[in-house]
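Understanding the architecture of this molecule
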Amino acid sequence: MHPNSRAWTGHVFVGASLDGFIARPDGDLDWLTDPPPGPVHAAIASDRPVRDFDAFLAGIDHVVMGRGTYEKVLDLGFWPYEPRPVIVLSTALVTDDERITIAGSLDEMLRLLEQASAHHVYVDGGRVIQTFLRADLIDVIDVAWAPVLIGSGLPLFGELGRDIQLSLTASRADLSGMVHASYRVHRPAHMSR
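Heads up: these notes are all about the structure in this document. (Residues numbered from 1 in each chain as written. Predicted model: local features only at pLDDT ≥ 70, side-chain atom pairs only at ≥ 80, totals over all residues. Heavy atoms only, no water.)

**Describing the overall build of the protein**
When you go through the protein residue by residue, the secondary structure sums to five helices and ten strands. Computed over C-alpha atoms, the radius of gyration of the protein comes to 17 Å, within 12% of the 16 Å expected from 2.2 N^0.38 for 193 residues, which places it in the range of a compact globule. Referenced to the eigenvectors of the C-alpha coordinate spread, the extents of the protein come out at roughly 50 × 45 × 30 Å. The 193 residues of the protein split such that 42% are buried. Residue pairs at least 24 apart in sequence account for 69% of intrachain contacts in the protein once pairs closer than 6 positions are excluded. Total accessible area on the protein is roughly 10,700 Å²; 55% of this is exposed by carbon and sulfur atoms. Averaged over its 16 positive side-chain charges, the protein has a centre that lies 6 Å from the centre of its 25 negative ones. (Helix = DSSP H or I, 4+ residues; strand = E, 2+ residues; numbered from the N terminus. Rg over C-alpha atoms; globule rule 2.2 N^0.38 Å. Buried < 20%, exposed > 50% of the residue type's maximum accessible area, 1.4 Å probe, protein only. Contact = heavy atoms within 4.5 Å. Areas by Shrake-Rupley, 256 points an atom, 1.4 Å probe, with all protein chains shown as cover. Lys, Arg positive; Asp, Glu negative; His and termini not counted. Charge placed at Lys NZ, Arg CZ, Asp CG, Glu CD.)

What follows is the structure, given as structure tokens:
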């Protein structure tokens with residue numbers, strides 16, 4: 001299946017440090033989930049606010065993630081994706097977790113989404129996001145940029161093999177200093193879905 005002939009749209013919703021990392025080298029997210037008290041931030045208004053996670057998830061009917069993200073979600077103590085089907089892209093994961101389906105390859109994952117008549121797919125996890133971007137399977141990217149530089153870690157995007165142009169559709173800054181931005185992946189007319 002050619003990526004542009006798919007019936008679903010790929011959506012990213014992710015938090016990142018201002019220097020572009022989604023986690024520390026060991027996968028720790030403390031800088032995002034439990035930041036220390038910091039400076040006072042300016043209140044900045046926007047006439048096109050971005051959706052918060054709950055509003056975002058309400059429009060999603062399928063979730064795709066990598067093994068590392070799946071294991072991190074298990075540490076939350078609750079399953080935030082119910083009742084959506086979740087596909088974990090992994091060649092190494094073995095589990096009896098009935099909430100997920102494991103796909104061993106991108107092609108298998110694409111077949112599963114097509115068979116399930118997916119419409120709006122949440123793509124989560126650094127490597128999976130990068131894989132989907134390289135395969136032209138992402139349509140919308142929502143990023144919450146945290147006001148912190150962590151210096152090293154797991155990169156949000158990494159090498160893509162080509163430039164991907166984005167169109168800013170909404171933004172806002174909140175009182176925690178997070179800058180939320182929504183982008184649509186720009187495809188020239190000859191590439192449009």
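**Focus: helix α5 (residues 126-134)**
For α5, the complete set of buried residues consists of G126, V128, I129, Q130, F132 and L133. Positioned one or two residues after α5, D136 has a phi angle of 60°, which is positive.

**Some thoughts on the environment of P49**
With respect to the helices, strands and loops of the structure, P49 is situated in the loop between α1 (30-33) and α2 (53-58). Given the relative accessible area of 55%, P49 is considered exposed. Taking the C-alpha atoms as reference, P49 lies 28 Å from P85; in sequence the two are 36 residues apart. In contact with P49, other than residues within four places in its own chain, are A170, S171 and R172.

**Quick look at the sheet that holds strand β7 (residues 140-146)**
Taken together, the eight strands give an open sheet; going across it, the order is β5-β4-β3-β6-β1-β7-β10-β9, and neighbouring strands pair in mixed fashion. Looking at strand neighbours, the two that pair on one side only are β5 (100-103) and β9 (166-173), the edges of this open sheet. Here the average twist between neighbouring strands, direction ignored, is 20°. Summarising the sheet, strand β1 (residues 9-17) and strand β6 (residues 120-124) pair through four bridges and their orientation is parallel. (Pairing = 2+ DSSP bridges. Axes fitted to C-alpha atoms, helices over the stretch in contact; angles between N-to-C directions.)

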